[in-house]
Amino acid sequence: MSVSYEELTFRHPCFAKGKKGENGRIHLPVSPGCNIECKFCDRQINDFENRPGVASTVLRPEEALDVVRRSLELCPDITVAGIAGPGDTLATSYALDTFRLIKEEFPQLLKCMSTNGLLLPDKADGIIEVGIDSLTVTVNAVDPKIEAELNGGVFYHGKYYTGVEAAEILIHNQLEGIRRVTAGGITVKVNTVLVPEINIDHIETVAKTVSEAGASIYNIIPLIPQHELAHCTAPSCLQIDGSRTKAEKYIDVFRHCQRCRADAIGIPGGKDYGDQIYLKRVTNSNTFSHG
């Protein structure tokens, strides 16, 4: 049985409603592949970039359990086991396989997963069955024409789609998936990457739409230009705050995102224990890719 949204605000650092929490999380990098082509995303395997979509390595589910054991010894404040990449968690079976093992050995840990949502309707029953407590879905637009400017294409049921057609499939599946998992008792957080030239005037519509689909909390993440959107500008603090204020008319807004690596360990904003679990790790980058 998944925990309630209210309980998550006390135990999950990403639901702490405007303040930094005292609880830690561990991100387990067990998902190697992705099935959509976000134009701002640059997934990497390295030890130095401090952003989503990056990990030191990719683990097998059984290896992830040992990482949890060692991490809890270093940081007993960890309350959440999360999987956020470095690829999409539903593009392969490894994330749900890992959560089944965690459920058996570490039943006290909350289970948190991030996805782009393309396969969310297909995998909703498995997500509910394994007892995911919180699910993050990255929804950057609910208008296919806008989404097509942010996403180059999707690989869906053996076919490759591009443009507005790809966007229509993705948006439909994201919203239908959110409806299905929330009906199953899972709390949903939605992430949106804010790109001033593309979706800044669309944020209020996204917030309203995902709230109506069942999402409980909304996270607006500023783009740092890279990959195919290197020509775009980063949103200003005023633009970010204005977008969050508009979104708050419809949904709780998360305001202290640390844009964590896919293998982050510890309390967000505090010490990262990843350099003691994985190979040499130096956090000196500021770029962003969705997780």
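Bear in mind the structure is a predicted one, so any value in this text is a computation, not a measurement. (Residues numbered from 1 in each chain as written. Predicted model: local features only at pLDDT ≥ 70, side-chain atom pairs only at ≥ 80, totals over all residues. Heavy atoms only, no water.)

### Re the sheet that holds strand β13 (residues 265-266)
Piece 1. Read across the sheet, eight strands follow the order β12-β11-β10-β7-β6-β5-β1-β13 without closing on themselves; strand pairing throughout is mixed. Both edges of this open sheet fall to β12 (252-254) and β13, since each of them pairs with a single strand only.
Piece 2. When strand β1 (residues 24-27) meets β13, the two strands line up antiparallel, connected through two bridges. Residue pairing for β13: I26 is matched across the bridge by I265. (Pairing = 2+ DSSP bridges. Helix = DSSP H or I, 4+ residues; strand = E, 2+ residues; numbered from the N terminus.)

### Focus on the confidence of the model for the chain
Piece 1. Residue-level pLDDT values for the chain average 85, and 81% of them are 70 or greater.
Piece 2. Note on residues 280-291: pLDDT under 50 across the span, and 52 contacts to partners over four residues away in sequence or across chains. (pLDDT = per-residue confidence, 0-100. Contact = heavy atoms within 4.5 Å.)

### Regarding the environment of P76
Piece 1. With respect to the helices, strands and loops of the structure, P76 is situated in the loop between α2 (61-74) and β5 (78-83).
Piece 2. Separated by 52 residues in the primary sequence, P76 and G24 place their C-alpha atoms 8.3 Å from one another.

### Some details on the packing of helix α4 (residues 120-130) against helix α6 (residues 163-183)
Piece 1. With their axes 8 Å apart at the nearest point, α4 and α6 run at an angle of 20° to one another. As the angle between them shows, α4 and α6 are arranged roughly parallel. For the element pair α4 and α6, the recorded crossing hand is right-handed. Between α4 and α6, the residues in contact are L120, P121, A124, I127 and I128 and N173, Q174, E176, G177, I178, R180 and V181, respectively.
Piece 2. Classifying every residue of the contact of α4 with α6 by side-chain character gives seven nonpolar, three polar and two charged. (Axes fitted to C-alpha atoms, helices over the stretch in contact; angles between N-to-C directions. Parallel < 35°, antiparallel > 145°, perpendicular 65-115°, else oblique. Left-handed = near helix turned anticlockwise from the far one by under 90°. Nonpolar A, V, L, I, M, F, W, Y, C, P; charged D, E, K, R; others polar.)

### Considering the sheet that holds strand β9 (residues 159-162)
Piece 1. What the three strands build is an open sheet, ordered β2-β8-β9; its pairing is antiparallel. In this open sheet, the two edge strands, each paired with only one partner strand, are β2 (36-38) and β9. With strand direction ignored, the average angle separating the axes of adjacent strands in the sheet is 20°.
Piece 2. Pairing of strand β8 (residues 151-156) with β9, which is carried by four bridges, proceeds in the antiparallel orientation.

### Remarks on the nonpolar core
Looking at soluble globular proteins, one finds that nonpolar side chains tend to be buried together.
Piece 1. Ranked by size, the top nonpolar core spans 74 residues in total, and within it L28, I127, V210 and Y218 carry the most contacts.
Piece 2. Considering every element that reaches this core, the biggest residue donor is α6, with seven residues.
Piece 3. Among the nonpolar cores identified, the runner-up in size contains five residues, and V3, L8, V80 and C112 belong to it. (Core = buried A, V, L, I, M, F, W, Y, C linked by side-chain atoms within 4.5 Å. Buried < 20%, exposed > 50% of the residue type's maximum accessible area, 1.4 Å probe, protein only.)

### As for the side chain of T192
Piece 1. If you trace the backbone, T192 turns up in strand β10 (residues 187-194).
Piece 2. T192 sits in the buried class, given a relative accessible area of 0%.
Piece 3. Here Y218 takes part through its side chain, which lies 2.8 Å from a polar atom of the side chain of T192. (Polar contact = N/O pair within 3.5 Å; in protein donor to acceptor, adjacent residues only side chain to side chain.)

### Comments concerning unusual backbone geometry
Piece 1. Although it is not a glycine, H157 adopts a positive phi angle of roughly 50°.
Piece 2. Positionally, H157 belongs in the loop between β8 and β9.
Piece 3. Positioned with a positive phi, H227 is a non-glycine residue whose angle comes to about 55°.
Piece 4. In this structure, H227 sits in the loop between β11 (217-222) and α8 (237-247).

### Describing the side chain of T115
Piece 1. Mapped onto the elements, T115 comes out in strand β6 (residues 110-115).
Piece 2. Owing to a relative accessible area of 1%, T115 belongs among the buried residues under this scheme.
Piece 3. A distance of 3.0 Å separates polar atoms of two side chains, one belonging to T115 and the other to D88.
Piece 4. A distance of 3.0 Å separates a polar side-chain atom of T115 from the backbone nitrogen of G117.

### Topic: the environment of A148
Piece 1. Mapped onto the fold, A148 is located in helix α5 (residues 144-150).
Piece 2. Residue A148 is classed as buried on the basis of its relative accessible area, which comes to 17%.
Piece 3. Each C-alpha atom of the pair A148 and E165 lies 8.4 Å from the other, and the pair is 17 residues apart in sequence.
Piece 4. Contacts of A148, omitting those with residues within four sequence positions, involve K39, G163, V164 and A167.

### Some remarks on α2
Piece 1. Taking 1.5 Å per residue, 14 residues should reach 20 Å; α2 reaches 20 Å between its end C-alpha atoms and fits that length.
Piece 2. Among the residues making up α2, those that are buried are P61, A64, L65, V67, V68, S71 and L72. Taken down its axis, α2 places every buried residue within 160° of arc, on the same side. Those residues of α2 that are exposed and aimed more than 90 degrees away from the buried face are E62 and E73. (Expected span 1.5 Å × (residues − 1). Arc of directions from axis to C-beta.)

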